[in-house]
Amino acid sequence: MPAIGITGGISSGKTTFCECLREFCPDAKFFNADKAARDLVDLDPQVKEELLREFGPGIFSDTGLNRERLRDIIFQDAAKKSALEKILHPRIRRQWSAEAKKHRNAPNFFFADIPLLYETGGEVMCDHVVVVACSREIQVARLLQRGRIDRAIAGQMIDSQ
C-alpha cells in the first residue's frame, strides 16, 4: 500500500483529518511527527543532553521540557530554531521512514502526519501527499483555544512554518 503524507500548517486540522481517516481505515497505520518529537524530548537521554547543551538548563523544569520557554527562544533567534531542527528532524525522519518502509508491503494504508513535510524534503518518500489547510483566522482561533498564548505568539507560530 502507498505511503501517504499528510501536511499543513499548525492548527490547520491535520489531527482531525487523521481521526476521520482512522474511522474509515481502521487497519491503517499512522505516524505522527509531533508525537515523535515530544517522545524524543521526553524519553531520549541523548536528545535531552543535546537540548541542554544548546539551550541551557532553563528549558527544563522538574516536570520536563518547558515548551513555552523553548518556543520563546526559537522565535527570537533563527539560529536556535535551526539548531532545534537539526537535533529533532533527522531522528523523526529516520523513525517515519523506517515505519513507511516497514508498511510499504503491508495490506493497509500508511499515513504520516508531518507538518513540515515539504520543508524537510520528506515528500520524496511519499506516494501521495494530502495538504490540510484553513484560513489564518481559523488557525489563530484554534491556537488561542489551546491556551497560554496570545494572538501575537499565535501569529509567530503560524509564520514560523
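Here the structure is shown first, and the text comes after it.
Residues numbered from 1 in each chain as written. Predicted model: local features only at pLDDT ≥ 70, side-chain atom pairs only at ≥ 80, totals over all residues. Heavy atoms only, no water.

A.B. asks: Looking at this model, I keep getting lost on the packing of aromatic side chains. Mind explaining?
C.D. replies: By convention here, two paired aromatic rings are described through the distance between centres and the angle between planes. Per the counting criterion, the structure on display carries two aromatic pairs. Counting every residue linked through ring pairs, the aromatic cluster contains F30, F109 and F111. One Lys or Arg, R22, reaches over the ring of F30 and ends 4.1 Å from the middle of that ring. Positioned over the ring face of F55 is K80, at 5.5 Å from the centre of the ring. (Phe/Tyr/Trp six-rings, centres within 6.5 Å; stacked < 30°, edge-to-face > 60°. Lys NZ or Arg CZ within 6 Å of the ring centre and 35° of its normal.)

A.B. asks: What's the story with the layout of surface pockets in this structure? I'm lost.
C.D. replies: Which parts of space are left empty comes out when a probe the size of a water molecule is rolled across the atoms. For the largest pocket, the calculated volume is near 1500 Å³. Lining the largest pocket are 43 residues, and of these I10, D34, R38, M157 and Q161 sit closest to its centre. Of all the secondary-structure elements, those providing two or more residues to the lining of the largest pocket are α1 (14-24), α2 (33-43), α4 (67-76), α5 (78-104), α6 (136-146) and α7 (151-160). The element best represented in the lining of the largest pocket is α5, accounting for eight residues. A breakdown of the residues in the lining of the largest pocket according to their chemical character gives 18 nonpolar, twelve polar and 13 charged. (1 Å grid on protein atoms, 1.4 Å probe; cavity = no way out; pocket = protein on both sides within 12 Å on 5 of 7 lines; lining within 4 Å. Points joined across faces, edges and corners; volume = space filled by probe spheres on them. Helix = DSSP H or I, 4+ residues; strand = E, 2+ residues; numbered from the N terminus. Nonpolar A, V, L, I, M, F, W, Y, C, P; charged D, E, K, R; others polar.)

A.B. asks: Explain the pattern of salt bridges to me, please; I cannot follow it from the model alone.
C.D. replies: Pairing between side chains becomes possible if they bear opposite charge and their charged atoms approach one another. Going through the model one piece at a time under the given rule, you end up with nine salt bridges. Between R104 and D127 there is a salt bridge, with the nearest N and O atoms lying 2.3 Å from each other. With R104 in helix α5 and D127 in the loop between β5 (110-113) and β6 (128-131), this pair connects stretches of sequence that are 23 residues apart. Residue D127 is classed as partly exposed on the basis of its relative accessible area of 39%. (Salt bridge = Lys/Arg side-chain N within 4 Å of Asp/Glu carboxyl O. Buried < 20%, exposed > 50% of the residue type's maximum accessible area, 1.4 Å probe, protein only.)

A.B. asks: In this structure, what is going on with unusual backbone geometry? I would like to understand it.
C.D. replies: Trans is the common state for peptide bonds, and a negative phi is the common state for residues other than glycine. In this structure, S11 takes a positive phi of about 60° despite not being glycine. Among the structural elements, S11 can be located in the loop between β1 (3-7) and α1. Residue classification places S11 among the buried positions, given a relative accessible area of 9%.

A.B. asks: Just checking my understanding: could you explain α5 for this structure?
C.D. replies: Note on helix geometry: an α-helix contains 3.6 residues per turn, so any two residues three or four positions apart are oriented the same way. Its 27 residues give α5 an end-to-end C-alpha distance of 36 Å, which sits within 8% of 39 Å, the value for a rise of 1.5 Å per residue. Along α5, the sharpest kink reaches roughly 30°, centred on K86 and followed within four residues by the proline P90. All of the buried residues in α5 are A83, L84, I87, L88, R91, I92, W96, S97, A100 and H103. On its buried side, α5 packs onto β1, β2 (29-32), α2, α3 (45-55), α4 and β5. Looking at where α5 begins, the residue whose side-chain oxygen comes 2.9 Å from the main-chain nitrogen of A79 is D77. (Expected span 1.5 Å × (residues − 1). Bend = angle between axes of the 7 residues up to and from the residue. Contact = heavy atoms within 4.5 Å. Polar contact = N/O pair within 3.5 Å; in protein donor to acceptor, adjacent residues only side chain to side chain.)

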